[in-house]
Amino acid sequence: MTLFQRALCATLALGLGLTWAQPRDPSPPETSALTGEWLFEILLGELQVLQGDSGAGYSLLLDAARKSGDEALYERAIDVALRARAGEAALRAASAWRQAAPQSAKANRRVLQIQVALQRIKEAQPSIRQLVELAPQAERTSMIMALPGLLSRAADKPVAAQVLQDALQPWQQDAALGHVTWTAIGQARLQAGDPVAALQAAQRAHQLAPQQPEAVWLGLELALAHPQAMTWVEGIMPQVNDPALIMNWAKLLLQKGRMSQAEQLLLE
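Residues numbered from 1 in each chain as written. Predicted model: local features only at pLDDT ≥ 70, side-chain atom pairs only at ≥ 80, totals over all residues. Heavy atoms only, no water.

A closer look at the confidence of the model for the protein
- Across the protein, pLDDT averages 88, with 87% of residues at or above 70.
- Confidence drops under pLDDT 50 across residues 12-35; counting only partners more than four residues distant or on other chains, this segment forms 16 contacts. (pLDDT = per-residue confidence, 0-100. Contact = heavy atoms within 4.5 Å.)

Description of unusual backbone geometry
- Residue R85 is not a glycine yet carries a positive backbone phi of 60°.
- With respect to the secondary-structure elements, R85 resides in the loop between helix 4 (71-83) and helix 5 (87-100).
- Positive phi, normally seen in glycine, also occurs at Q119, with a value near 60°.
- Relative to the elements of secondary structure, Q119 occurs in the loop between helix 6 (105-117) and helix 7 (125-134).
- For Q119, a relative accessible area of 38% translates into the label partly exposed. (Helix = DSSP H or I, 4+ residues; strand = E, 2+ residues; numbered from the N terminus. Buried < 20%, exposed > 50% of the residue type's maximum accessible area, 1.4 Å probe, protein only.)

Brief notes about the packing of aromatic side chains
- Summed over the entire model, instances satisfying the criterion amount to 1 aromatic pair.
- Taking the centre distance of 6.0 Å and the plane angle of 5° together, the rings of Y74 and W97 count as stacked. Of this pair, Y74 sits in helix 4 while W97 sits in helix 5, and the two are 23 residues apart along the sequence.
- A residue is classified by how much of its surface remains accessible, and Y74, at 1% relative accessible area, is buried. (Phe/Tyr/Trp six-rings, centres within 6.5 Å; stacked < 30°, edge-to-face > 60°.)

Quick notes on the environment of I236
- Inspection of the secondary structure puts I236 in helix 13 (residues 227-236).
- Residue classification places I236 among the buried residues on the basis of a relative accessible area of 10%.
- In this structure, the C-alpha to C-alpha distance between I236 and G219, residues 17 residues apart in sequence, is 10.0 Å.

Looking at the side chain of T183
- Here T183 lies in helix 10 (residues 178-191).
- Looking at T183, the relative accessible area reads 1%, which means it is buried.
- Those residues within four positions of T183 in sequence are excluded, and the remaining contacts are M145, A205, E214, A215 and L218.

Following this line, the structure appears as structure tokens:
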């Protein structure tokens, strides 16, 4: 049980008129801070929140988080600020958490999420890059592919797409991640309403890894409405062996009224 969880249990116990019973465990307690200044601040902060003074509660909880380094306390301070619709305060708490734990992917993700929510997209480039850097090698592909979704709430989507492209510059020619990087950039460009740039990104992704499916999926999405993408996808589909991609290509051909071509494809 974390320091924050113990303190919250203590707060609830006080509110119910209960006493804090020590567990019968011969092992040493996780922290002695529970009986000291941190516990007092946490309890007082939670009581302030319960009484409707979110600002005072936030300040106490954030101070306790800084002193203890407890991640759950940083999370709680952020949550209190967000519930009070104090976005700047939430960002300060998340930034303090990241400064205290620069290797924490969770802290960095929270900073990015709040920056996007506050529409401070131009400040998000270091957060995006650090999220990828902190991801284990085996998880970097999924992390990069998730980034356009994280930025989808940006009001200025062209700026968001450019920020993403700049942030991902270190991986644009990477042997293992280059095709994923350009596919993510293409998705962001598509979200920004720029199908030409999205197609160019898909083409670069495909050039880096012709056997990988990500760029082709993006091409199929673009081809629904854009003739240039349709022509490009038609040119590369004969080399595609992925059954799911072939099935979706056939569906697209049907949507375009090219019945005989779709039928021939499905019968092969």
